[in-house]
Amino acid sequence: MQTDTNTQLVQAACLGDAEAIEQLLLQYQPTITRFARKFCATPEDVEDAVQETLWIAYQKIGALRTSAAFTSWVFRIVKHQCHRLLRAKKREYNFEDEPQDYDLGAADENVELYSALKQDVIQAFACLPVQQRQVLIMRDIQNMTGPEVAAALGLSIETVKSRLHRARNFLRQQLEQWNE
């Protein structure tokens, strides 16, 4: 019965019924938010991705060909928005733009070592599962407390601790050769 109602609501929204669009987006907003938490690094990015998704869905729902495709369509939009925000953050924190005017002794050797270490850290970080990377960023880079991370991601504190422990262990193993 619920799917019949949703189908009718999507069909009405596709035909331009503003009330149906609003009702549909309000109904899906919690689901979109939960989905965005899996792909966005910060709670602020989740909020931004959800708002952009709702706005895009509101503007372009008339272009949707079948009502059955609505859910997957919305999820593709939110996933794209999360990835867009992640790419923007990567550009914002581009390590290549860092000044290389530090003195670590033998400059040429240290620059090469620094560059190799940087590449290894980036690769190890990229190999982390999304959920572990998300917790690691929030705890160790953004300096959020465990309860803050748990609240932001809708997780228990124990889950946050477990993911953080796994992420740190993974990075430690991946970068073990640098510890010698």
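Everything here concerns the structure above.
No experiment lies behind these values; they were computed from the predicted model shown. (Residues numbered from 1 in each chain as written. Predicted model: local features only at pLDDT ≥ 70, side-chain atom pairs only at ≥ 80, totals over all residues. Heavy atoms only, no water.)

A. Fine view of empty space enclosed by the protein. According to the stated counting rule, one finds 1 cavity of 30 Å³ or more in the structure shown. Each pocket or cavity is described by its volume, and for the largest cavity that value is around 30 Å³. Here the lining of the largest cavity takes 4 residues from helix H4 (residues 70-92), the largest share from any one element. (1 Å grid on protein atoms, 1.4 Å probe; cavity = no way out; pocket = protein on both sides within 12 Å on 5 of 7 lines; lining within 4 Å. Points joined across faces, edges and corners; volume = space filled by probe spheres on them. Helix = DSSP H or I, 4+ residues; strand = E, 2+ residues; numbered from the N terminus.)

B. How the structure looks around the packing of aromatic side chains. Applying the stated criterion to the full structure yields 4 aromatic pairs. A centroid spacing of 6.2 Å and a plane angle of 20° characterise the contact between Trp 55 and Tyr 58, whose relative ring orientation is stacked. Remark: Tyr 58 and Trp 55 occur in helix H3 (residues 43-60); sequence separation between them is 3 residues, near one turn of the helix. When the ring of Phe 70 is compared with that of Trp 73, the centres are 6.1 Å apart and the planes differ by 50°; the resulting orientation is tilted. Of this pair, Phe 70 and Trp 73 are both found in helix H4, 3 residues apart, which corresponds to roughly one turn of the helix. Among the aromatic side chains, those forming a connected cluster through ring pairs are Tyr 28, Phe 70 and Trp 73. (Phe/Tyr/Trp six-rings, centres within 6.5 Å; stacked < 30°, edge-to-face > 60°.)

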